[in-house]
Amino acid sequence: MTVTELVSYEDALASYDPVMGLEVHVELGTKTKMFCGCSTELGADPNTQTCPVCLGMPGALPVVNAIGVESAIKIGLALNCEIAEWCRFARKNYFYPDMPKNFQTSQYDEPIAFNGYLDVQLEDGEVFRVEIERAHMEEDTGKSTHVGGATGRIHGAQHSLLDYNRAGIPLIEIVTKPIEGAGERAPEVAKAYVAELRELIKALGVSEARMEMGQMRCDVNLSLRPNGTEKFGTRSETKNVNSLRSVERAVRFEVQRHASVLSAGGTIVQETRHFHEEDGSTTSGRIKEEAEDYRYFPEPDLVPVAPSREWVEELRGTLPELPRVRRNRLREEWGVSEHDMQSILNAGAVDLITATVEAGADSAAARKWWMGELARSANESGTDLAALPITPAQVARVAALVAEGSLNDKLARQVIEGVLAGEGGPDEVVEKRGLKVVSDDSALGAAVDEAIAANAGIADKIRAGKVAAAGALVGAVMKATRGQADAARVRELILERLGVEG
Ligand SMILES: Nc1ncnc2c1ncn2[C@@H]1O[C@H](COP(=O)(O)OP(=O)(O)OP(=O)(O)O)[C@@H](O)[C@H]1O
Ligand SMILES: [Mg+2]
Ligand SMILES: [Mg+2]
């Protein structure tokens, strides 16, 4: 059933209770693939990082990547999971051209980690516990490019190009239990969960978890049930949602769409859906296979994984401070509100600001640049803050130049712009663009005299004691010097010239 009019989010919540399930895929940062020695390096020519194993040639035998298993255990432990004493891989059979083996090596009923939880903090500081069903190991598929169709999808395409470099890159899939009780905050809970998970993965050092690069992607399962009832409704599964904002929007849209269908007497079909960035909507994908359609069976070519308890405990000992605990500590140190910290988290700026402070900047200055100028720039170019071509050390240097009075904010913004444009480090940009605050009296004197001469009326007012009017003359000097004058010194000079006390 297609819906033309969506009921509002508020109306949907008045009648229905959302239940969510989030499946997050994380691409591990291992040097080699999960079951062969091929490189995982990005950017190589298509199909140059492949071998008989990841191309699924008959007779080729896979070997498990130990770092992949270690990363999976670390993730499991950080998510408060139990770690299997013994588990196996399974073949998940389905046909798609980007999967040369015709099955994905995954785990099914014997995941490496299970039964955990992740506490996430909401905007108002409330902590919401998301239960984890399992975290299992699997492998990525290749990349297909469908050419000739209008939508870039396989339907209507004239031909498809396949690149198997990504086939076999280790993935960890982290699956939540059904998330109940979020109510109207379901979109916020979903976003906070993915944000928290991303921080955790980064802190563990197992992946950079860059969503815009597909290193971390989320499938959003959602169903509604009438308020006050227990039984889950039929879920839809919106695939590969790849930003925090999109996760939030996908949940919101699906709540509205389900409610529209249900309240008009329709039924929800269990299907996958595609999310559309442009308008935040989802459209129908394929009817969802049942697990039996995948004909799962234990992978006969791989030995079972049986991590010793000593190894598991050793790995537990290496776990870093939990991001949420660390954030609360930093929040106190930096003196920011829960809400501001949440924005910093969502922007992926916690580590960047920390590193900038470690490089010598004041925390307020570090926050100001990352959350202001740089966040804007990242937004405009549609990249992650961490992907901007500027380092925390460079931001700290800009902050230092401002602190010592060599730059004012306006000039500092130009320096940052120069660094982002690839003109070099802050000092180089200052040098090349000639961006220094001019506080030398001989250089400023002439501009001050000109401003007084050009604004005789204002000058008279100041002479008559209206000191506040000096601002207009300072403005004129700043304009004439293209923002490079030391505003405080200019003000002093103006008052001196006009013979009044500041
Ligand atoms: N009725 C429901 N409403 C909302 N969420 C649900 C419902 N039933 C299950 N879920 C959640 O949906 C997710 C299902 O993921 P899972 O990996 O178990 O299965 P799948 O989606 O069928 O498999 P695949 O890995 O092939 O996508 C889980 O997070 C689960 O908690
Ligand atoms: Mg799944
Ligand atoms: Mg799924």
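This report concerns the structure included in the present document. (Residues numbered from 1 in each chain as written. Chains lettered and ligands numbered in written order. Predicted model: local features only at pLDDT ≥ 70, side-chain atom pairs only at ≥ 80, totals over all residues. Heavy atoms only, no water.)

Regarding the coordination of the magnesium ion (ligand 3)
Within the protein, the atoms that donate to the magnesium ion (ligand 3) are Glu23 (OE), Glu23 (OE) and Glu237 (OE), at distances of 2.0 to 2.3 Å. The metal-metal distance between the magnesium ion (ligand 3) and the magnesium ion (ligand 2) is 3.7 Å, with glutamate 23 coordinating both. One end of the pair, glutamate 23, is in strand 1 (residues 16–27); the other, glutamate 237, is in strand 11 (residues 236–241), and 214 residues separate them in sequence. Exposure remark for glutamate 23: the relative accessible area of 14% places this residue in the buried category. (Donors = N, O, S within 2.8 Å, 3.2 Å for Na, K, Ca; no water. Helix = DSSP H or I, 4+ residues; strand = E, 2+ residues; numbered from the N terminus. Buried < 20%, exposed > 50% of the residue type's maximum accessible area, 1.4 Å probe, protein only.)

Looking at the packing of aromatic side chains
As enumerated under the stated definition, the model contains four aromatic pairs in all. Between tyrosine 108 and tyrosine 296 the ring centres are 3.8 Å apart and the planes differ by 5 degrees, which places this aromatic pair in the stacked class. Taken together, the residues tyrosine 108 in the loop between strand 4 (103–106) and strand 5 (113–121) and tyrosine 296 in the loop between strand 13 (281–287) and strand 14 (297–298) connect sequence positions 188 residues apart. Residue classification places tyrosine 108 among the partly exposed residues on the basis of a relative accessible area of 36%. Pairing tyrosine 294 with tyrosine 296 gives two aromatic rings, centres 5.8 Å apart and planes at 70 degrees, and the pair type is edge-to-face. Here the aromatic cluster, defined as three or more aromatic residues joined through ring pairs, consists of Tyr94, Tyr108, Tyr294 and Tyr296. The ring of tyrosine 9 has arginine 252 sitting right over it, with the charged end atom 4.2 Å from the ring centre. Just above the ring of tryptophan 369 sits the side chain of lysine 368; from NZ or CZ to the centre is 4.9 Å. (Phe/Tyr/Trp six-rings, centres within 6.5 Å; stacked < 30°, edge-to-face > 60°. Lys NZ or Arg CZ within 6 Å of the ring centre and 35° of its normal.)

A word on the pattern of salt bridges
A side chain with one charge may pair with a side chain of the opposite charge, provided their charged atoms come close. For the structure on display, the rule yields 42 salt bridges. Here glutamate 70 and lysine 74 are joined by a salt bridge, their closest N and O atoms 3.8 Å apart. Remark: lysine 74 and glutamate 70 occur in helix 2 (residues 66–78); sequence separation between them is four residues, near one turn of the helix. Assessed through its relative accessible area of 17%, lysine 74 is described here as buried. Note that glutamate 110 and arginine 88 form a salt bridge whose closest N and O atoms lie 3.0 Å from each other. Residue glutamate 110 is located in the loop between strand 4 and strand 5, and its partner arginine 88 is located in the loop between strand 2 (82–83) and strand 3 (90–93); the two are separated by 22 residues in the primary sequence. Exposure remark for glutamate 110: the relative accessible area of 22% places this residue in the partly exposed category. By relative accessible area, which is 28% here, arginine 88 ends up partly exposed. (Salt bridge = Lys/Arg side-chain N within 4 Å of Asp/Glu carboxyl O.)

What about the sheet that holds strand 3?
What holds strands together in a sheet is hydrogen bonding between their backbones, with the strands either parallel or antiparallel. Ordered in space as 4-3-14, the three strands form an open sheet in which the pairing is antiparallel. In this open sheet, the two edge strands, each paired with only one partner strand, are strand 4 and strand 14. Sheet topology places strand 3 next to strand 4; four bridges connect them, and they run antiparallel. Residue pairing across strands places alanine 90 opposite serine 106, the latter belonging to strand 4. (Pairing = 2+ DSSP bridges.)

The values are spatial; any link to function lies outside them.
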